Amino acid sequence: MQLAVLTLFPQMFAAITEHGVTGRAVRESKLTLTPVNPRDFTTDRHGTVDDRPFGGGPGMVMKIEPLAKALASAKSIVGEDALVVYLTPQGEPLTQGLVDELAQRSNVVLIAGRYEGIDERFIEAEVHREISIGDYVLSGGELPAMVLIDAMARKLPGVLGHQDSATQDSFSGELDNLLDCPHYTRPVEYAGRHVPDVLLSGNHEAIRRWRLKQALGRTWQRRPELLQARRAAGLCKEEDALLAEYIEEHSTDKSNTE
Ligand code: 9WO
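In short, a report on the structure. Note that the structure is predicted; figures quoted are calculated from it, not measured.

1. What about the environment of L175?
Argument step 1. Its location among the elements puts L175 in the loop between α6 (142-153) and β8 (189-190).
Argument step 2. Its relative accessible area of 10% is what places L175 among the buried residues.
Argument step 3. Along the primary structure L175 and V61 are separated by 114 residues, whereas in three dimensions their C-alpha atoms are 43 Å apart.

As structure tokens, then:
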């Protein structure tokens, strides 16, 4: 996947190009990430990329011309047919489904805004998708762009080994649309708390059922709306039974009945 990011803070992207799973994907050329700075495309002495909003009010707006030149440069690097994505709280909510769809693209340009945002005419003319990573305001689109890049990178072929295969996670595989089950490692006892016996049993079928039950139960407790989505897709009989068991076992917990 070839990615370009329009950003006034290109160094921020070292956070993902130099570390972890995304860093390895970049080193192995499964992902290329080219920051393009609109400031490099200004012609005035001060490198002006922002201006006062028409209609008045506080803050500044990113000017079209440096963005348009930066976008042309970005497309010349990743491909003229690239999908152009603007990260904004006004966008479509990011979900694993949307990540999976975007990860299929081989060329993407991300736009990370600053100040109060970018001139609406640039969005109308050039942006294909507006995407939000959540209902909060940040000081710029760089962190949301990195969130999206990280999520896409782990869906690229060969980026994850089967050790931490993407199909094992919450939101994909058997635990599709469910929260993850709890995880444990050594020691078997910590501060009087024990690892559940079933996980030490070596009974792989019992362990699979326990994990599925925990995933269903936690989703029911913490994110019931996700369970509705899964029910629509069809909760199987085993899942119905496991969730009923979980609810029965937790019916005396204060947290569930209030
Ligand atoms: C500022 C603001 C102030 C009052 C009411 C609403 C407001 N919206 C914004 C705003 O969108 N500022 C942005 C800052 C301009 C573009 C880059 N910035 C940004 C992107 N902040 N948060 C995001 C973002 C992007 C994707 N998903 C979540 C947040």
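2. Section: the pattern of salt bridges
Argument step 1. Under the definition given, this model contains 16 salt bridges.
Argument step 2. Residues R129 and E92 are paired through a salt bridge, measuring 3.1 Å at the closest nitrogen-oxygen approach. In this pair, R129 sits in strand β7 (residues 129-132) while E92 sits in strand β5 (residues 83-93), placing the two residues 37 residues apart along the sequence.
Argument step 3. By relative accessible area, which is 36% here, E92 ends up partly exposed.
Argument step 4. One salt bridge connects E205 with R209, and the closest N-O pair in it is separated by 3.8 Å. Taken together, the residues E205 and R209, both in helix α7 (residues 204-222) and four residues apart, mark about one turn of the helix.
Argument step 5. On the basis of relative accessible area, E205 is assigned to the partly exposed category, the value being 40%.
Argument step 6. Because the salt bridges share partners, they merge into one network encompassing E205, R208, R209 and E238.

3. Focus: the sheet that holds strand β6 (residues 107-112)
Argument step 1. Ordered in space as β2-β1-β6-β5-β7, the five strands form an open sheet in which the pairing is parallel. Strands at the two margins of the open sheet, each flanked by one partner only, are β2 (32-36) and β7. On average, each strand axis in the sheet is tilted by 30° relative to the strand beside it, whichever way the strands run.
Argument step 2. Bridge count for strand β1 (residues 2-6) against β2 is five bridges, and the pairing is parallel. Paired with V5 across the strands is P35, a residue of β2.
Argument step 3. Its contacts with the sheet place helix α4 (residues 96-103) against β5 and β7, and it is angled at close to 140° to β7.

Definitions and cut-offs
Residues numbered from 1 in each chain as written. Predicted model: local features only at pLDDT ≥ 70, side-chain atom pairs only at ≥ 80, totals over all residues. Heavy atoms only, no water. Helix = DSSP H or I, 4+ residues; strand = E, 2+ residues; numbered from the N terminus. Buried < 20%, exposed > 50% of the residue type's maximum accessible area, 1.4 Å probe, protein only. Salt bridge = Lys/Arg side-chain N within 4 Å of Asp/Glu carboxyl O. Pairing = 2+ DSSP bridges. Axes fitted to C-alpha atoms, helices over the stretch in contact; angles between N-to-C directions. Contact = heavy atoms within 4.5 Å.

Geometry only, nothing functional implied.
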